[in-house]
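Residue-level listing of the chains:
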2 protein chains.
Amino acid sequence: MSTSVSTGGVTTGPIEGSTKEYLEVEHRSGLGTVDGLRVPTRRVHLTDGDHLDLYDTSGPYTDPNAVIDLERGLEPIRDSWTRPEPIDGAATQLGWARAGIVTAEMAYIAAREGVDAEVVRTEVAAGRAVIPANHRHPESEPMIIGKKFAVKVNANIGNSAVTSSIAEEVEKMVWATRWGADTIMDLSTGKDIHQTREWIMRNSPAPVGTVPIYQALEKVKGDPTALTWEIYRDTVIEQAEQGVDYMTVHAGVLLRYVPLTAKRVTGIVSRGGSIMAAWCLAHHTESFLYTHFDELCEILARYDITFSLGDGLRPGSIADANDEAQFAELRTLGELTTRAKAYGVQVMIEGPGHVPMHKIVENVRLEEEWCDEAPFYTLGPLATDIAPAYDHITSAIGAAMIAQAGTAMLCYVTPKEHLGLPDRDDVKVGVITYKIAAHAADLAKAHPRAQERDDALSKARFEFRWTDQFNLALDPDTAREYHDETMPAEPAKTAHFCSMCGPKFCSMRISADVRAYAEENDLVTAEDIDRKIAQEMAAKSEEFTAAGNQVYLPISEVAAP
Amino acid sequence: MSTSVSTGGVTTGPIEGSTKEYLEVEHRSGLGTVDGLRVPTRRVHLTDGDHLDLYDTSGPYTDPNAVIDLERGLEPIRDSWTRPEPIDGAATQLGWARAGIVTAEMAYIAAREGVDAEVVRTEVAAGRAVIPANHRHPESEPMIIGKKFAVKVNANIGNSAVTSSIAEEVEKMVWATRWGADTIMDLSTGKDIHQTREWIMRNSPAPVGTVPIYQALEKVKGDPTALTWEIYRDTVIEQAEQGVDYMTVHAGVLLRYVPLTAKRVTGIVSRGGSIMAAWCLAHHTESFLYTHFDELCEILARYDITFSLGDGLRPGSIADANDEAQFAELRTLGELTTRAKAYGVQVMIEGPGHVPMHKIVENVRLEEEWCDEAPFYTLGPLATDIAPAYDHITSAIGAAMIAQAGTAMLCYVTPKEHLGLPDRDDVKVGVITYKIAAHAADLAKAHPRAQERDDALSKARFEFRWTDQFNLALDPDTAREYHDETMPAEPAKTAHFCSMCGPKFCSMRISADVRAYAEENDLVTAEDIDRKIAQEMAAKSEEFTAAGNQVYLPISEVAAP
């Protein structure tokens, strides 16, 4: 059904029912140069002649005119844009935003989000939004993470010690961004970490995040106690040079917080958190991530890498949510946020995890209070522990709610969470599920253009434009496939009925009759209606009876193929 | 993997890892008789020798000692229980509760929910909870719907004009209750409606609801304008005699409300609502369901059938949520609630549909205010319209939130919603998804025993008791299957590591080390820890180095099969 084809191991071609279009934007820099920005959009073509443009994360892979060559990588579009001079030493989006400069990246994002560029600059300057864009990842299409903008979704990929290969991981990146992932995290832990990441970086249109401690741990053969600041620092620089856009750093796991987890039901469940806990306990020394934090800020500032301050002590179960260990670390992340921003480094804060619904809002409130409103980036949270194999759903509930409360980016969870490694199908289900959560939050926050898509799809549904309904869906292929299962024939795609009621009776068609009646009789308010009813009740009844009581079309008109 | 087998077309046998047990309860009626009640429970057996008892909706089908004979039907257990005399003419749970009588059904429910019988009686007497239990459905295992109790889930089944068969529908009922459906609605619209329902009634351990207008419409060959009160009334009596426990009645769709839907994006999407709208418009007369409501109350009171007052004007899209038409009808449902209760008839109120997150709570607030806190029973709601094929998820988000706000029962939505008819797999996914939403709400409402299951599962997860983790899950079979995909070997089920980190490094194992360390050193509060750190920092560091920096077990001890 899908028009996609596999090229060189990755999926290319437009998403069903849509084409790739570019918005041409001229950005005039303060340096007198003009950058020509081409901002991608996904245009869904409707059968009524209309179309709807959607935010597009899929990069050149969905553009049939783009030449995809994984060996060569994507075109380094940002290299041709004007890069402002460093401001007080910080050549970062934060530094420039504070200095009143609208960068090409900000202009690009403004067009993408449908807002004024000044809104982008202001939010970045205040530290309420981040633009993860390493100078060495020129292939990326700039995007923003902040609560004033559309809620974003991150997809984790990465091979592990147990399974997976490089080619699979690159395809997972392409596949995840095809379905709407805004950023990718490469969490590889096995062999060929450097090489896998290089392939992903050079071919990713989305910002890429990593957790450098994972690779550092590989360098010491998996023994956390053998880690040193120097090994870690060199790993950060290695990844910075490759173009990693944001890095998870668990610098808030302090020695004195570790024993606070001892009475928990599930202890420490973050890999990074437990690595650092093991190191701190073994050496009885404060975490080197904390003690060397200033040096880390200097490195990240040089590349404009965004900190994603990790929640190493996040709860791994409902029982452990919002406990002393979790919030102790969050306070420290607040302190680190202030220190990082002083270096001009952009910062976001990672959040839980597993949290029952009534404790979700408190997480956002404290994060905003203690971390100076830095964008919150949460993993779910799962609203219950009892549904392994369905944790994309348990966590989508928490994710939608925490995003409504102000979380700016959601890290997806796949059906395999807690059980195994996600395959291609799991990645898609995880991304689509999280697009649902993010979009539900955009609606609840009255994000300017969010409801356009719901309205267009619902209108198509009401008018029995089945193909439009499929094509406006987050996953056109699966929607069409499910319809085919019950109503396989092509005529059913244009039939004015659906499988729930069958051809004889259709509630949606009766509604259309109601509408026609109201329009004919000029009924708008409840008062109009009461008046009309009083006037016409007797007359109308006769008229309808004379017309054979037909408020819907005869069967023959709709059931014929 | 599952131990289930198919007997006579339906699935029988215990759910993986559990056995059927019965709580023996003696109920002393006011009439001096003693009823022996056997309240079923699902006992999950854990590998550490412990067990956990769970609320069990699956009926005799999961009891290997029960003889299943679909022709004969289930044992009519309630026929042997004492039935109190009618109180002021109303032989209903509401009538008896008001008179201070604890019925056998209430005693059964109290044991099932783990609360005092007096709590059950009080909530029913106040109309805040209902016990749908037609005197003519003696095979049913009593259950309660009310916000003080565990949130319940309904599964819709039923053949349609387009597809399906009787045997399939009976199996769907067995299958849905196996996975946790608390009630079943038979929404059949095609041929053999009466016969299909008879099979379901005689074999259903769960209360069964219907929408009588569907069958009435069949009797007039699908022409809504040909409906009459008499045809409808006779259909209600026919279904009442068969034992239907609750009936959806769209008596709030008044003539003057119909044109209020004309400007909507999706008009009227409820089948019952559109049938009545078509009838009202055609005849320009007030709905016969409204004008004959008192007669309907008299009928329902005789059988103790519960009203499920239908929301015929519920929104079918985000755009139409919380509009004038929807709330006009809700006010009328409030009026009808008062009238029904005056006849001693139990009442619940149906709710939407499609509602963005920020408009969900208002639905509960108005329902409680206008309908005297009658239990709310909602369909989702879907928090966005843009994900056909994933509407079990879009709606689980809304369902969890509306249940947290006080909704007592959730009507499930399957992945096929808007696209086709659910098959067996869809029914299971729909039920499991809604059990997640219901359970998340139970946690958020601090329902007494809800968190026991989360804690038991999380503890099993932390201790690498994989089999226990699977068996405590809502869907043990799928959890195990997903684990097998990545780690197929049986030893992996007892291995102290998982596929995310592999055997070399495991965050959960490090947590266990932290715990051991804290216990050894008697660390509980943050102060203990600070003191300990100051005392021992230097000493401990030496000691750990001497011990070879081992904070976790050597690989060889865990990687061996």
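Residues numbered from 1 in each chain as written. Chains lettered and ligands numbered in written order. Predicted model: local features only at pLDDT ≥ 70, side-chain atom pairs only at ≥ 80, totals over all residues. Heavy atoms only, no water.

1. Overview of the overall build of chain A
- A tally of helices and strands in chain A yields 20 helices and 15 strands.
- The buried share of chain A, reckoned over its 561 residues, is 66%.
- Contacts spanning at least 24 positions in sequence make up 72% of the contacts within chain A whose residues lie at least 6 apart. (Helix = DSSP H or I, 4+ residues; strand = E, 2+ residues; numbered from the N terminus. Buried < 20%, exposed > 50% of the residue type's maximum accessible area, 1.4 Å probe, protein only. Contact = heavy atoms within 4.5 Å.)

2. Side note on the sheet that holds strand β8 (residues 152-157) of chain B
All names here are of chain B.
- The strand order around the closed barrel built from 8 strands is β8-β9-β10-β11-β12-β13-β14-β15, with neighbouring strands paired in parallel fashion. For this sheet, the mean inter-axis angle between neighbouring strands, taken without regard to orientation, is 25 degrees.
- With 3 bridges connecting them, strand β14 (residues 376-379) and strand β15 (residues 409-411) associate as parallel partners. For Y377, the partnering residue across the bridge sits in β15 and is M409. (Pairing = 2+ DSSP bridges. Axes fitted to C-alpha atoms, helices over the stretch in contact; angles between N-to-C directions.)

3. Looking at the pairing of strand β4 (residues 34-45) of chain B
All names here are of chain B.
- In terms of strand pairing, strand β3 (residues 18-28) meets β4 through 11 bridges, oriented antiparallel. Within β4, the position partnered with L23 by the bridge is V39.
- If you look at the hairpin formed by β3 and β4, you'll find 5 residues sitting between the two strands, and G32 has a positive phi there, around 90 degrees.
- The pairing of β4 with strand β5 (residues 51-55) spans 5 bridges and is antiparallel. Along β5, the bridge assignment pairs R43 with D53.
- Joining the antiparallel neighbours β4 and β5 is a turn of 5 residues, in which G49 adopts a positive phi near 95 degrees.

4. Overview of the environment of T486 of chain A
- By the element assignment, T486 of chain A lies in helix α17 (residues 476-486).
- A C-alpha to C-alpha distance of 38 Å links T486 of chain A and P205 of chain A, two positions 281 residues apart in sequence.

5. Focus on the confidence of the model for chain A
Residue and element names in this part refer to chain A.
- Of the residues in chain A, 87% have a pLDDT of 70 or more, and the chain-wide mean is 89.
- Long-range and interchain partners of residues 1-6, a stretch whose pLDDT sits below 50, account for 18 contacts in this model, where long-range means more than four residues apart.
- Every residue in residues 549-561 scores below 50 in pLDDT, and together they form 23 contacts with partners more than four places removed in sequence or on other chains.
- This prediction of the complex comes with two scores: 0.92 for pTM and 0.92 for ipTM. (pLDDT = per-residue confidence, 0-100.)

6. Some points on helix α13 (residues 391-404) of chain B
Residues and elements named next belong to chain B.
- If you check α13, its first and last C-alpha atoms are 20 Å apart, about what 14 residues at 1.5 Å a residue would give, namely 20 Å.
- Counting buried positions along α13 gives 13 out of 14 residues, so the element sits mostly inside the fold.
- One or two residues past the end of α13 sits G406, with phi positive at roughly 135 degrees. (Expected span 1.5 Å × (residues − 1).)

7. Quick notes on the environment of H194 of chain A
Residue and element names in this part refer to chain A.
- On the secondary structure map, H194 appears in helix α5 (residues 193-203).
- Remark: the alpha-carbon pair of H194 and G272, spanning 78 residues in sequence, is separated by 18 Å.
- Not counting residues within four places of it along the chain, the set of residues in contact with H194 comprises Q215, E238 and Q242.

8. Some points on the domain arrangement of chain A
Residue and element names in this part refer to chain A.
- Domains assigned within chain A are domain 1 (18-126), domain 2 (131-446) and domain 3 (451-497).
- Once you take the C-alpha centre of each, domain 2 and domain 3 turn out to be 36 Å apart.
- Run the count over domain 2 and domain 3 and you get 1 salt bridge.
- Measuring nitrogen to oxygen at the nearest pair gives 3.2 Å for the salt bridge that ties D475 to K428.
- On inspection of domain 2 and its partner domain 3, the count reaches 2 residue pairs in polar contact (both at pLDDT 80 or more).
- Of the residues belonging to the side of domain 2 that touches domain 3, the class tally is 4 nonpolar, 1 polar and 2 charged. (Domains from an automatic or database assignment. Salt bridge = Lys/Arg side-chain N within 4 Å of Asp/Glu carboxyl O. Polar contact = N/O pair within 3.5 Å; in protein donor to acceptor, adjacent residues only side chain to side chain. Nonpolar A, V, L, I, M, F, W, Y, C, P; charged D, E, K, R; others polar.)

9. Remarks on the layout of surface pockets
- Volume-wise, the second largest pocket comes out at about 950 Å³.
- Lining the second largest pocket are 40 residues, and of these V429, T478 and Y482 of chain A together with V429 and Y482 of chain B sit closest to its centre.
- Of all the elements in the fold, those that place two or more residues in the lining of the second largest pocket are α4 (166-178), α13 (391-404), α14 (424-444) and α17 of chain A together with α13, α14 (424-444) and α17 (476-486) of chain B. (1 Å grid on protein atoms, 1.4 Å probe; cavity = no way out; pocket = protein on both sides within 12 Å on 5 of 7 lines; lining within 4 Å. Points joined across faces, edges and corners; volume = space filled by probe spheres on them.)

10. Some words on the sheet that holds strand β5 (residues 51-55) of chain A
All names here are of chain A.
- Spatially, 3 strands are ordered β3-β4-β5 in an open sheet, and the strand pairing comes out antiparallel. Either end of the sheet is taken by a strand with one partner, and the two such strands are β3 (18-28) and β5. In this sheet, adjacent strand axes meet at a mean angle of 40 degrees when their direction is disregarded.
- Of the strands in this sheet, β3, β4 (34-45) and β5 are in contact with helix α2 (residues 104-113), which crosses β4 at around 20 degrees.

11. As for unusual backbone geometry
- Omega for the peptide link from G380 of chain A to P381 of chain A comes to 5 degrees, which places this bond in the cis form.
- Structurally, P381 of chain A can be placed in the loop between β14 (376-379) and α13.
- The phi angle at D304 of chain B is positive, at roughly 60 degrees, despite the residue not being glycine.
- Structurally, D304 of chain B can be placed in the loop between α10 (293-303) and β12 (306-309).
- Looking at D304 of chain B, the relative accessible area reads 0%, which means it is buried.
- Of note, the phi angle at A389 of chain B is positive, near 90 degrees, even though the residue is not glycine.
- Note on placement: A389 of chain B falls in the loop between β14 and α13.
- Overall, A389 of chain B belongs to the buried group, its relative accessible area being 2%.

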